[in-house]
Amino acid sequence: MNELNAILEPGMLVRHPERPEWGVGQVQSNIAGRITVSFPEVGKVVIEGAHVALVPVFDDG
């Protein structure tokens, strides 16, 4: 798993680096490298952390 993905916890906000049109998503779970994120434009998506380095969002302004 990507090292940065390892720190993601439920409630954190993230962006998918290859899908900016999905907007800012909220992490629902992070179990064994499988990260479930709820994105406003596409709903819940399960992401393999070994293949995609999600980008944490600390200020959505």
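Anyway, here's the lowdown on the structure attached to this text.

## Points about the sheet that holds strand E3 (residues 34-39)
Either a parallel or an antiparallel arrangement is found when strands of a sheet pair, and the pairing is made through backbone hydrogen bonds. On the basis of which strands lie adjacent, the open sheet formed by 5 strands has the order E4-E3-E2-E1-E5 and antiparallel pairing. Sheet topology places strand E4 (43-48) and strand E5 (55-57) at the edges, where each strand pairs with a single neighbour. The sheet shows a mean angle of 45 degrees between the axes of neighbouring strands, taken without regard to direction. Here 5 bridges tie strand E2 (residues 25-31) to E3, and the two strands are oriented antiparallel to one another.

## A word on the side chain of Asn 5
Relative to the helices and strands, Asn 5 is located in the segment before strand E1 (13-15). Taking relative accessible area as the criterion, Asn 5 reaches 0% and is therefore assigned buried. Side-chain polar atoms of Asn 5 contact the backbone oxygen of Gly 49, separated by 3.1 Å. Of the polar contacts made by the side chain of Asn 5, one reaches the backbone oxygen of Val 52; its length is 2.6 Å. Setting aside chain neighbours within four positions, we find Asn 5 in contact with Asn 30, Ile 35, Gly 49, Val 52, Ala 53 and Leu 54.

## Description of the pairing of E2
Pairing of E1 with E2, which is carried by 2 bridges, proceeds in the antiparallel orientation. Bridged to Val 14 within E2 is Gly 25. Connecting E2 to the next strand, E3, in antiparallel fashion are 2 residues, including Ala 32 with a positive phi near 50 degrees.

## A closer look at the pairing of E4
One face of the sheet, then the other: side chains in a regular strand alternate in exactly this way. Bridge analysis of E3 against E4 gives 6 bridges, and the strand direction is antiparallel. Bridge pairing in E4 links Thr 36 to Val 46. A loop of 3 residues connects E3 with E4, the two strands running antiparallel in sequence.

## Section: the pattern of salt bridges
Going through the model one piece at a time under the given rule, you end up with 1 salt bridge. Put simply, Glu 48 and Arg 34 hold a salt bridge, and the shortest N to O gap is 2.5 Å. Placement of Glu 48 in strand E4 and of Arg 34 in strand E3 is noted, with a sequence separation of 14 residues between them. With a relative accessible area of 34%, Glu 48 lands in the partly exposed category. Overall, Arg 34 belongs to the partly exposed group, its relative accessible area being 43%.

The rules behind these values
Residues numbered from 1 in each chain as written. Predicted model: local features only at pLDDT ≥ 70, side-chain atom pairs only at ≥ 80, totals over all residues. Heavy atoms only, no water. Pairing = 2+ DSSP bridges. Helix = DSSP H or I, 4+ residues; strand = E, 2+ residues; numbered from the N terminus. Axes fitted to C-alpha atoms, helices over the stretch in contact; angles between N-to-C directions. Buried < 20%, exposed > 50% of the residue type's maximum accessible area, 1.4 Å probe, protein only. Polar contact = N/O pair within 3.5 Å; in protein donor to acceptor, adjacent residues only side chain to side chain. Contact = heavy atoms within 4.5 Å. Salt bridge = Lys/Arg side-chain N within 4 Å of Asp/Glu carboxyl O.

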